[in-house]
Each structure stands twice: as structure tokens, then as C-alpha cells.
Amino acid sequence: MPLEPRPLPPNTLSSVEMPAKAIVRRIWTQYLAAQKRLLGIALVCAVVVAVATTLFGVLMGSAVDLLFHTSSGKSLDFLPAEIVAAIVANPMLMIPLITIGAVIIRFAGQRGLTVSLNTVGNRLVGNIQRDLFSRLVHADLGRLQKAHSGQHLSSVLYDADLVRDAASTGLVQYVQSTLIAIGAIANMIYFDWTMTLAVLLIAPLIGLVMGKYLKRTRKAAQGAMAETSSLSTAIMESLDGIKVVKVSNQETAEEARVGDVIDRRQGYMIKGANARTMAAPATELLTGLLLAGLLAYAGWRAQGGFITAGDLFGFVTALGIASQALRQLTGLQGTFSQGMTAARRLFAALDIKPEITSAADAVALPRDFNRLSFDKASFAYGEAPVLHEVSFDVSAGQSIALVGPSGSGKSTLLNLVPRFFDLSSGAIRFDGVDHRQISLASLRDNIALVTQDPFLFDDAIHANIAYGRPDATTAEIEQAARDAAADGFIRSLPQGYNTRAGEAGSQLSGGQKQRIAIARAFLKNAPLLLLDEATSALDTESEALVQQALERLMKGRTTFVVAHRLSTVRNCDLILVLDKGQIREHGTHDSLMRASGLYSRLAAAQLGTSPEAA
């Protein structure tokens, strides 16, 4: 029986209702106010374009009358008398020259508008992306784990572009189109106010049509953004787990799963596009019907000598310009709707402040601390308790092993030391000082971490070793690699220390990645070392090399070791046996074996013997 496609993780980056005025004010104060000079230039250019377009419309009506000798140039009365006289005296030369001048001015204004808007818009995107990534990289680990990385990626890459389209490009184009529409309507009134009145009477009907399609556009935009996040999540999951996908012969299933998301997203995109594109044809239809009526009315007025051919041509030209401007304004409604939805999502993410921060009166942790204590430390993920009143003391330089069944709270306890999470109750103290009163930077400067699956960046190996120590010298980096038994294999690589590790260290074996992570810890030279099952995923040969490197690394350092293989912790100074979030036993390997409790049973299970024999 075929398996149902697995559901996607819930989208936790949903929009939060925030008043539109508050969004506009925030975008202005945080991102656009600093660029008000460029925005001012853009607005001036928009006004120039609008004025040139309006002038062009007036000239079209005058050109027909003057060139066909049906008028004396009445429609140019707004110009100085000398210029009007020159045009009337030689229309064949002056009208083309003035038209060319208007077109050139419009081009210059449009060019200035485009350049300034491109600069403002792309700076806006860059600043939003920087702020959002800063918020993400400083966010609490628990917060980051609640949302899939694909959702964060979608927000950084796509939402910022939508805000730009609305806040900079859309805003100025809105001003420009509004001014053009006002100028065109002024031209229409100038040529024939009675026909203009007829046009304005139908404007409310056009507004109703625009509102109907705007509502559809807004709804489609919200759905499309949610599905964009889901698409990023689905693709990243499939590629990150490609080995599992292939060994399970699930390529077709993954295609179907991602295809379903694509189809849903396309559905929203098509609905939104249809709503946007239908608004313009609907407006054109109403405009066409209006134009037909106006032509009949104009013909009746022309027969009575109340309107010239030039006035009619100028009126129709102005009506066309106004219609085009109104269509652009209609399209911008969808742009604003998408931008507002994206801004709500972005600001919802930006407004979540980390809970794990340094206290205002935080102190520095000295490297030569003497004691680390857990005092009735408890922790829960939401409502699910993980650790309950864990208490123990550790002297500096001791090695402490954390063992127990899966899910007993070993890794959670380890994660509490560097404050990846904060305690629900109780305290962790360094020489009597609650570690929440120690500055985060100071606390983590004194901690080195080596995990089961160490993360390497797609960068040179020397950069991966020096991560966190950018000032490290080449000699220091190479010495750390030698201490970690990594120098030999690194030098055998095609480019030695300059060889790129690949995405997540994909160009290296598990043992090689682990030794680079150990070299990173050697280079950091922190007094507190956290080892989270650092050898559990390695083969026997790699484990032996890594274990030797770890033993060198542990010398003189306070070390917490999480391990399932009890053979790797038997020499630790203190072994804590956890079960269901509590310490059930503690002692050395020999004393725990003699106690014949949980530890001895775990050891016997691994060795395949009775507890007594183990």
C-alpha cells in the first residue's frame, strides 16, 4: 500500500494583523527616511513626467486644429502670447519641435525616476534582509527550531522584494500616475467640460470594479506567500535528505509532494494574476463603452459648431492618457496589497526579540573558574518536562560523562551550559555566580563544542578551523590540526589547507570532519569542553583516531561528555546516569559497575554479557 505524502511542517511565519498606517510609518522611519533625498529626486522626476505627458496631450489637440486650419490655436492660450504667435505663424515647424521637446523632457524625467527608484528599492531590500538575518542569527535556538529553515529563507529572499515593489517603486509610480491622471482630466475639462462631466459620472462604477478585483488580489497574495514558504521548505527537505530519499526509492513521492506545493502556489499566483489583469480589461471595457457614447455626443455637438476636430482629438487623447494612468493605478493596488502582506510577515519576525540575553549587570566569566554547579536545575520544552531538579558539582579540570537511555535528557543538559536554552527553574553556577548573570559573549568564549555531526562551512579548511578565531595565524591553525591528527590528511588534499570543505563538509569523510571540528576546539583553547556523542557515528578506525585526539583535547579542561558507547567514558572522573530527566546514579565506572544498577545494565547490554560479567 503506497504511503501518503508526509505533511509539511506548519508555517510559523504567518502574517500578523498590523494596521496599514503603522506599517507605512514603520517602513518610512526605518528604511526610507534615510533615503529621502533620492526619493525627493524620484518624486520631482515623476512630476516632470506627469507635466510633460499633460503638455503632450494639449499639443495633440492644437496640432490637429492648426495643421488643418480649423482653429487659431485657442487651446494654447495657457502659453505666453509670443510662443502662441510663433506656433500659429509656423505650425508645420513649431508643433513638431515642441512635441520633440516634450518627449525629450519626459524621457529625461523617466530616466531619472528609474535610476533613483532602482537605488532606493535595492537599498531597501538589502537593509531589510540584513535586519532580518541579524534577527534570525541572534534569535533563541528554541525559536529557530520552531520554524523550518525554508520558511526563514523564503522570508529573507522574497518578502523583502515585495516590500520594495510597494514601498519605493509602487509609491512613486502611484504619485506619478495620479498626477498624470489629474493632468489628463484637467486637459479634458479644458477641451470640453460637459464631456468630462459625463466621464466623471461613471468613475464610481470603475472604482467598484477595481475594489472587487483588489480584494481577490489581496487574498491570493496571502495564500501565495504562505505556499512560497512551504515550497522552500519542501525543496530544502528533499535535498538535505537526498540519501534517504534515494535509498528508499522515494524520488517519485518527493516529486509528487513538491509538485502538490507548486500546484497550490500556482493556483494562488494564477488567481492573483487573473485578478490583476482582469481589472485593466474591465476598466477598458467601461472606458470603451463610455468612448462610444462620447463620440455620439461629440458628433452632435460638432454639428452645432460647439467643438472642433482638434478639441475632440485632444479630449480623446487626454481620455486615453487618463485611462492608461488609471489602469496603472489599478495594477498598483495589487502591488500594495502584496507589499503590505509581506511587510506584516517581516515585521512579525523582526519584532520577536530573543529571551536569552545578557543581564544589564552581567559579569565576565574568568578562564580560571574553580567550580561549576547544577542546583535543582529543571527544564521543559513547552509543557513537556525534560530535566527535573538535577544537582551536582564539578571541579575545574574534571571530566564528567552523561550516560543513559535515549531521551533521558543528556544532550539537553549539555545545551543548558552555554545557554542555548534557559532553565525553567533552578540554577547553574560558576563559582557561585548564576550563569544567567554572566555575559553571553564571555560564557561562550570559554566553551568549545564538538558534536556528533560537526558542521563545516563551504569554505577553505583553514577558514573552518579558524572559525571564531579570524585573527589566528597560519602556524596556530596548522598546530591545532596536528593536535587533532588532521594535518596529514589535510596536506594530502588537492589544495591542502585551501581545499574547500563543500556544503556542510560534503567533500570530507565523517572522521575527517570530526577531526577538523576538534582542531577548531584546539584553536579556541576554551577551558570548558562539551562533547556531544563526538565518536558515535564513526567507524572503528576513525573512532580510534578521533578518540586519541579528544583525549589530548580534554587534558586540563573541564569536560562534559555525552556518549552512548560506555567504553569511551570509563576513564571520566564522574559519570552521571540519567533516566527520565533525573540523575539515577553517579560515580566512577568501577563504583557504578559494583552498584549493579542502571549503568551496569547498560554496560552489559552493550557487551552482550550479564551485569556481573561486565
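Let me sum up the structure you'll find in this document. (Residues numbered from 1 in each chain as written. Predicted model: local features only at pLDDT ≥ 70, side-chain atom pairs only at ≥ 80, totals over all residues. Heavy atoms only, no water.)

1. Brief notes about the overall build of the chain
Under the convention used in this document: Secondary structure is summarised from DSSP: a helix means a run of H or I of at least four residues, a strand means a run of E of at least two, and numbering begins at the N terminus for each. Each residue's exposure class comes from its accessible area (1.4 Å probe, protein chains only) as a fraction of the maximum for that residue type: buried when under 20%, exposed when over 50%, partly exposed otherwise. Contacts are assigned to residue pairs that have any heavy atoms within 4.5 Å of one another. The Shrake-Rupley method, run with a 1.4 Å probe sphere, supplies the accessible areas, and residue values consider only the shown protein chains as cover.
The helix and strand tally for the chain stands at 19 helices and 10 strands. Residues counted as buried form 46% of the 614 residues belonging to the chain. Considering only intrachain contacts with a sequence separation of at least 6, the fraction spanning at least 24 residues in the chain is 76%. Accessible surface, the chain as shown: approximately 30800 Å² in total, 59% of it carbon and sulfur.

2. Topic: the sheet that holds strand S1 (residues 371–381)
So the rule is basically this: DSSP-based pairing: two strands are paired if at least 2 bridges between them are found.
Judged by pairing direction, the sheet is antiparallel, and its 4 strands sit side by side in the order S2-S1-S4-S5 without closing on themselves. Two strands close off the open sheet at either side, each with one partner strand: strand S2 (384–395) and strand S5 (433–434). As judged from the 2 bridges shared by strand S4 (residues 425–430) and S5, these two strands associate in the antiparallel manner. Residue pairing for S5: Phe430 is matched across the bridge by Val433.

3. Thoughts on the pattern of salt bridges
Just so we agree on the cut-off: Just to be clear on terms, a salt bridge is a Lys or Arg side-chain nitrogen sitting within 4 Å of an Asp or Glu carboxyl oxygen.
Taken as a whole and judged by the stated rule, the model has 9 salt bridges. In this structure, the salt-bridge partner of Arg429 is Asp375, at a minimum N-O distance of 2.8 Å. Taken together, the residues Arg429 in strand S4 and Asp375 in strand S1 connect sequence positions 54 residues apart. Across the pair Glu476 and Arg469 runs a salt bridge whose closest N-O atoms are separated by 3.2 Å. Judged by relative accessible area, which is 35%, Glu476 ranks as partly exposed. Salt bridges sharing common partners tie together Arg469, Asp471 and Glu476.

4. Structural notes on the nonpolar core
It is characteristic of soluble globular proteins that their nonpolar side chains tend to be buried jointly. Quick note on the threshold: Among buried residues, the Ala, Val, Leu, Ile, Met, Phe, Trp, Tyr and Cys ones that are joined through side-chain atoms within 4.5 Å form a nonpolar core.
Ile465, Ile518, Val569 and Tyr599 are the most contacted members of the largest nonpolar core, which totals 48 residues. Broken down by element, the residue count for this core peaks at 7 residues, all from helix H16 (residues 510–524). In this structure, Tyr599 is in contact with Val403, Leu566, Val569, Ile575, Val577, Glu585, His589, Leu592 and Met593, ignoring residues within four places of it in sequence. Listed in part, the 31 residues of the second largest apolar core include Val386, Val394, Ile428 and Leu576.

5. Considerations on unusual backbone geometry
If you check the backbone angles, Lys376 has positive phi at about 50° while not being a glycine. Along the chain, Lys376 turns up in strand S1. The phi dihedral of Glu389 is positive, around 45°, even though this residue is not glycine.

6. Focus: the pairing of S1
One ladder, built from 8 bridges, connects S1 with S2; its direction is antiparallel. Bridge assignment links Ala377 to a residue of S2, and that residue is Val390. The antiparallel pairing of S1 with S2 creates a hairpin that spans 2 residues between the two strands, and Gly382 there sits at a positive phi of about 65°. As paired elements, S1 and S4 share 5 bridges and run antiparallel to each other.

7. A short note on the packing of aromatic side chains
Here is the rule: Centre distance within 6.5 Å is the pairing criterion for rings of Phe, Tyr and Trp, where only the six-membered ring of Trp is used; planes under 30 degrees apart are then read as stacked, over 60 as edge-to-face, and the remainder as tilted.
Here the structure, examined in full by the defined rule, presents 9 aromatic pairs. Ring centres of Phe379 and Phe421 lie 5.6 Å apart, and the angle between their planes is 50°; on these two criteria the pair is classed as tilted. With a gap of 42 residues between them, Phe379 in strand S1 and Phe421 in the loop between helix H11 (410–416) and S4 connect regions that are remote in the sequence. Residue classification places Phe379 among the buried residues on the basis of a relative accessible area of 6%. Judged by relative accessible area, Phe421 falls into the buried class, the value being 8%. Among the aromatic residues, those joined into a ring-pair cluster are Phe374, Phe392 and Phe560.

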